[in-house]
Amino acid sequence: MAQASWPLVERKFGETTRRDFWWVQPLAVFLALFTFIVYATWAAFQGEHYEFGPYLSPFYSPLLFGEGPHAWFGPRPGWWPGALPFSAALFILWAPGGFRFTCYYYRGAYYKAFWADPPSCTVGEPRKSYWGERSFPLVMQNIHRYFLYLGLLFIVILTYDAIMSFRFPVGFGIGIGSLVLTVNTILLACYTFSCHSLRHIIGGRKDEIAGSPLQSGCYSCVSALNRKHQLFAWLSLCSVAFADLYVRLCSMGIWTDFRLL
């Protein structure tokens, strides 16, 4: 059988024979992730307007230290250096942030969008060497599984927050904020439960799981969610930012939290 050989073409940065708008997707990803990073950083350092009635911003949950009723251990600790700005979000955001930063999908997304590695298929890169993820600092991406364990714990906490968002001073009620926090928790749970690492832990590492109906069922559920992992990654990113924005604007008196019940 005849075989065709194709010469290896070394392209300069951005050089390609493609005629489609290949740059639209990496540009859109860059703008979306950059916007989220800027907003999340700003919100994390604010240290205020993160709770409103029974609502608690997911950027500050669990609230380890704070002035409101959601705080676990009371107000700002005395050992915190007075010269440093204080924000309760700084105690916890490293965990969900690390989970997303090391996510298999997000790696491919921001490698292309921020590092142009590569900017797109058959498009020249700004570098000629390939290190992979076997050397520092990218070898640190391998701790994604451990961030997954923390992510699962955060889902439990956020679920509790979502349930408590229906508990008003007069009793059970439904506000717009209750629905916002609940939908956000569901989307974050779908993103977490569709994780590639969770799929591997549940059954992907084994050659045969048919002998265990429970494990096989769990593996099938996670696999079904995993097919939509990219979609859940973006929906949950938008929902967690909007949930913080909603609580913040209600706390500032800019938005009114309408009660449905």
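These figures come from a predicted structure and were not determined experimentally. (Residues numbered from 1 in each chain as written. Predicted model: local features only at pLDDT ≥ 70, side-chain atom pairs only at ≥ 80, totals over all residues. Heavy atoms only, no water.)

### Quick notes on the environment of Leu-56
Position of Leu-56 among the secondary structure elements: in strand β2 (residues 55-56). Sequence spacing of Leu-56 and Asp-161 is 105 residues, and the spatial spacing of their C-alpha atoms is 7.0 Å. (Helix = DSSP H or I, 4+ residues; strand = E, 2+ residues; numbered from the N terminus.)

### A word on empty space enclosed by the protein
What the rule picks out here adds up to one cavity of 30 Å³ or more. Of the volumes computed, that of the largest cavity is approximately 40 Å³. Lining the largest cavity we find Leu-56, Pro-58, Leu-158, Asp-161, Ala-162, Leu-181, Asn-184 and Thr-185. The set of elements that each furnish at least two residues to the lining of the largest cavity consists of α4 (144-164) and α5 (176-193). Of the residues in the lining of the largest cavity, the class split is five nonpolar, two polar and one charged. (1 Å grid on protein atoms, 1.4 Å probe; cavity = no way out; pocket = protein on both sides within 12 Å on 5 of 7 lines; lining within 4 Å. Points joined across faces, edges and corners; volume = space filled by probe spheres on them. Nonpolar A, V, L, I, M, F, W, Y, C, P; charged D, E, K, R; others polar.)

### Structural notes on the packing of helix α2 (residues 94-101) against α4
Where α2 meets α4, the closest approach of the two axes is 9 Å, and the angle between their N-to-C directions is 130 degrees. One finds that α2 runs oblique with respect to α4. α2 and α4 meet at a crossing whose hand is left-handed. On α4, the residues touching Trp-94, Ala-95, Pro-96, Gly-98 and Phe-99 of α2 are His-144, Phe-147, Leu-148, Leu-150 and Phe-154. (Axes fitted to C-alpha atoms, helices over the stretch in contact; angles between N-to-C directions. Parallel < 35°, antiparallel > 145°, perpendicular 65-115°, else oblique. Left-handed = near helix turned anticlockwise from the far one by under 90°. Contact = heavy atoms within 4.5 Å.)

### Focus on the nonpolar core
Membership of the largest hydrophobic core comes to 43 residues, with the highest contact counts inside it found for Phe-59, Tyr-60 and Tyr-106. Considering every element that reaches this core, the biggest residue donor is helix α1 (residues 24-46), with seven residues. For Phe-59, the contacting residues outside a window of four places in its chain are Phe-36, Tyr-39, Ala-40, Ala-43, Ala-89, Ile-92, Leu-93, Val-240, Ala-241 and Asp-244. By size, the runner-up hydrophobic cluster in this structure holds eight residues, among which are Phe-168, Leu-181, Val-247 and Cys-250. (Core = buried A, V, L, I, M, F, W, Y, C linked by side-chain atoms within 4.5 Å. Buried < 20%, exposed > 50% of the residue type's maximum accessible area, 1.4 Å probe, protein only.)

### Quick word on the packing of aromatic side chains
Tallied over the full model, the rule gives 31 aromatic pairs. Ring geometry for Trp-79 versus Phe-91: centroids 6.3 Å apart, planes at 85 degrees, classification edge-to-face. Placement of the pair is Trp-79 in the loop between β2 and α2 and Phe-91 in the loop between β2 and α2, with a sequence separation of twelve residues. Aromatic side chains Tyr-110 and Tyr-111 sit 5.2 Å apart centroid to centroid with 85 degrees between the ring planes, which places their arrangement in the edge-to-face category. Here Tyr-110 falls in the buried class, since its relative accessible area comes to 8%. We classify Tyr-111 as buried; its relative accessible area is 11%. Chaining the aromatic ring pairs together yields one cluster made of Phe-65, Trp-72, Phe-73, Trp-79, Trp-80, Phe-86 and Phe-91. (Phe/Tyr/Trp six-rings, centres within 6.5 Å; stacked < 30°, edge-to-face > 60°.)

### So, the layout of surface pockets
Where empty space is left can be seen by rolling a probe of water-molecule size over the atoms. Each pocket or cavity is described by its volume, and for the largest pocket that value is around 780 Å³. Along the wall of the largest pocket there are 31 residues; nearest its centre are Phe-36, Pro-96, Gly-97, Arg-100 and Leu-237. Only α1, α2, α3 (104-115), α4, α5 and α8 (229-251) provide two or more residues apiece to the lining of the largest pocket. For the lining of the largest pocket, a count of residues per class yields 25 nonpolar, five polar and one charged.

### Focus: α8
Here α8 contains 23 residues, and its C-alpha end-to-end distance of 33 Å stays within 8% of the 33 Å for a straight helix at 1.5 Å per residue. Following α8 by one or two positions, Gly-253 adopts a phi angle in the positive range, close to 80 degrees. (Expected span 1.5 Å × (residues − 1).)

These results come straight from atomic positions and should not be treated as a statement about function.
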